[in-house]
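Here is what each chain is made of, one letter per residue.
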Amino acid sequence: MRIQRIKGTNDIFGEEIFYWRFVEETFRKVCESFGAEEMRTPIIEPTELFVRSVGEETDIVQKEMYTFVDRGGRSVTLRPEGTASLVRAFMENSLVNRGFPQRFYYVGPMFRYEKPQSGRLRQFHQIGYECIGSPSPRADFETILLLNTFLKEIGLARHRVYINSIGCPSCRPNYRNALKEYYSFRYEQLCEDCKKRYERNVLRLLDCKVDAELAKSAPKSVDFLCEECRRHYDELKEYLDSAGIPYVEDHTLVRGLDYYTRTVFEVRHEGLGAQNAIAGGGRYDGLFEDLGGPSIPALGFAGGIERIVLAMKEEGILPPKVNPHEVYVVVLGKEAFKVGVELAKKLRERGVNTEVEIMERNISAQLKNANRLGARFSIIIGESEITRSVVLLRDMASGEQFEAGIDLAVDRVVDALKTKSS
RNA sequence: GUGACCAUAGCUCAGCUGGUAGAGCGCCUGACUGUGGAUCAGGUGGUCGCGGGUUCGAAUCCCGCUGGUCACCCCA
């Protein structure tokens, strides 16, 4: 058997690549329009980084990380998410000195050892954004606004923004106790997994699908918020309302990463199936300290490119495409090839994507190839053209063709492409 | 990690209750020896995912493995 790709990974090419480029380029554009700069961090990090940030008890750390020992005996991990790396990089490069706030975005592959299904792969790709330094709900608002703007630019319509507040270290213990009390009376009704969660992390009980009914009438985190958290949450909603950004309060929304404080949010798409969260994030005011740094408030989100692309397809959104074969240069013979190469060079300098025949085929096969590739024009160069210093210009759509001097041919093709495509 | 369904030509699939492979599309060639897209003719193409078992005989039945898909779990 031939070697095949690793389970849960994908080759991306052809039509698919245009969706990806559109998502990535739109994200870059939107982030930069909000004042964010790009950051690229290694995809491999010390295992410790994720254990301390994402949380020892989380599923990600417990069973989903690509962790191995390198040749130097160090435990390293393929990043399962982007925030930890960015925070690490922020501290390691002393970026505090640049003042606040600082907005960053990133694009790249993440790795989680899970069983693949629709919208879930072992190597998947995220676009992410982090806003560092502001404790204000205005930062939360702006971050959600940015995400919303991006999704709108992509063209998505059938998605919803869900928000919740899970409090801070001072008020969450109260809530946790209330939840424990609530579930202690219903312990026997819980599914096996939830019985374990009851001990480890009660908050997780809320997003269990088996016990969803119980979660509906469970105590809500928003009812246990301290004064500060309460004000923060209310103000965020005020800004969202004022800006006309639609959202739904979901009191069962708790995220699977331990570093979140106060605001958490998620965007779900209705056309997607089980894995319907296309983006998610929240505030992480304690993360810098958890990683041994100063206390710096921050928040951010990540979106899954694969899932966003699925959502686009679901809604019938087509990305812009690039035709790498606008012009096909048909050459008949060695001298014609030399002339064709020169002509192609001039066209490329004018920004026209041009392919020159290198298979030494007959004219019929070359035109057939040009047609298949979707060339708008073919330029035919044979011996009779060379002796008269002309080329044949063929419009592939109409089949019309005429002779032109080489320099004139370049101008005419460039003009024709310009008028047609605009 | 658990479960269900699936795995035949480059692609989409057929192959009924076991008798050692077929279609459409694609690709190549020709009709059209310097003209593509339509049509027609011909050609290329598969140790039927891998390994084992039952059988005179397995693509077809059974078991295992690998991979895919979907769901659980969790998340992007």
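Whatever comes next refers back to the structure up there.
Quick look at the structure, then. (Residues numbered from 1 in each chain as written. Chains lettered and ligands numbered in written order. Predicted model: local features only at pLDDT ≥ 70, side-chain atom pairs only at ≥ 80, totals over all residues. Heavy atoms only, no water.)

**Structural notes on the protein's contact with RNA strand B**
Near RNA strand B lie 53 residues; those nearest to it are Arg112, Arg197, Arg255, Gly256 and Met396. Within 4 Å of the protein, the contacting atoms of RNA strand B are 55% sugar and phosphate, with bases supplying the remainder. One of the backbone N or O atoms of glycine 8 is found 3.3 Å from a phosphate oxygen in RNA strand B. Between glutamine 117 and RNA strand B, the recorded distance is 3.2 Å, taken from a side-chain N or O atom to a phosphate oxygen. Broken down by element, the residue count for the surface near RNA strand B peaks at 6 residues, all from helix H13 (residues 363-372). Residue classes in the surface near RNA strand B are distributed as 17 nonpolar, 17 polar and 19 charged. (Near = heavy atom within 4 Å. Polar contact = N/O pair within 3.5 Å; in protein donor to acceptor, adjacent residues only side chain to side chain. Helix = DSSP H or I, 4+ residues; strand = E, 2+ residues; numbered from the N terminus. Nonpolar A, V, L, I, M, F, W, Y, C, P; charged D, E, K, R; others polar.)

**Quick look at the packing of aromatic side chains**
If you walk through the whole model with that rule in mind, you get 15 aromatic pairs. Each ring, one from phenylalanine 27 and one from tyrosine 105, has its centre 5.9 Å from the other, and the planes form 90°; the classification is edge-to-face. Here phenylalanine 27, found in helix H1 (residues 15-33), pairs with tyrosine 105, found in strand S5 (residues 102-111); they are 78 residues apart in sequence, far enough to count as distant. There is no split in this pair, since phenylalanine 27 and tyrosine 105 are both buried. Taking the centre distance of 5.7 Å and the plane angle of 70° together, the rings of tyrosine 259 and tyrosine 284 count as edge-to-face. Here tyrosine 259, found in the loop between strand S8 (248-249) and strand S9 (261-269), pairs with tyrosine 284, found in the loop between strand S10 (277-283) and helix H10 (287-290); they are 25 residues apart in sequence, far enough to count as distant. Look at tyrosine 259 and you get buried, because its relative accessible area is 4%. Ring pairing ties together the aromatic residues Phe27, Tyr105, Tyr129, Phe150, Phe265 and Phe301, which thus form one cluster. Taking NZ or CZ as reference, arginine 122 lies 3.8 Å from the ring centre of tyrosine 113, over its face. (Phe/Tyr/Trp six-rings, centres within 6.5 Å; stacked < 30°, edge-to-face > 60°. Buried < 20%, exposed > 50% of the residue type's maximum accessible area, 1.4 Å probe, protein only. Lys NZ or Arg CZ within 6 Å of the ring centre and 35° of its normal.)

**Some details on the pattern of salt bridges**
Counted under the stated rule, the structure contains 29 salt bridges. Note that lysine 313 and glutamate 16 form a salt bridge whose closest N and O atoms lie 2.6 Å from each other. Pair noted here: lysine 313 is in helix H11 (residues 305-314) and glutamate 16 is in helix H1, with a separation of 297 residues, a long-range link. Residue classification places lysine 313 among the partly exposed positions, given a relative accessible area of 38%. Here aspartate 285 and arginine 283 are joined by a salt bridge, their closest N and O atoms 2.8 Å apart. Overlapping salt bridges, with partners in common, bring together Arg230, Asp234, Lys237 and Glu249 in one network. (Salt bridge = Lys/Arg side-chain N within 4 Å of Asp/Glu carboxyl O.)

**Quick word on the state of the cysteines**
Following the criterion strictly, the structure yields 0 disulfides and no others. Note on cysteine 31: no disulfide assigned, nearest cysteine sulfur contributed by cysteine 131 at a separation of 11 Å. For the unlinked cysteine cysteine 226, the closest cysteine sulfur is that of cysteine 229, found at 3.5 Å. (Disulfide = S-S within 2.5 Å.)

**Here we look at the side chain of glutamine 366**
Mapped onto the elements of the fold, glutamine 366 is located in helix H13. Contacts of glutamine 366, omitting those with residues within four sequence positions, involve Tyr328, Val329, Val330, Val331, Leu332, Glu357 and Arg361. (Contact = heavy atoms within 4.5 Å.)

**Re the environment of leucine 205**
Checked against the element boundaries, leucine 205 lands in the loop between helix H7 (192-200) and helix H8 (212-216). On the accessibility criterion, leucine 205 (0% relative accessible area) is buried. A C-alpha to C-alpha distance of 65 Å links leucine 205 and lysine 346, two positions 141 residues apart in sequence. The contacts of leucine 205, once residues within four sequence positions are left out, are Tyr183, Leu190, Cys194, Arg197 and Tyr198.

**Thoughts on the sheet that holds strand S2 (residues 44-46)**
With antiparallel pairing, 3 strands are arranged side by side in an open sheet as S2-S4-S3. Either end of the sheet is taken by a strand with one partner, and the two such strands are S2 and strand S3 (66-69). Pairs of neighbouring strands in the sheet enclose a mean axial angle of 35°, with direction left out of account. Where S2 and strand S4 (residues 75-78) come together, 3 bridges link them in antiparallel fashion. From the neighbouring strand, proline 46 faces S4, where its bridge partner is valine 76. (Pairing = 2+ DSSP bridges. Axes fitted to C-alpha atoms, helices over the stretch in contact; angles between N-to-C directions.)

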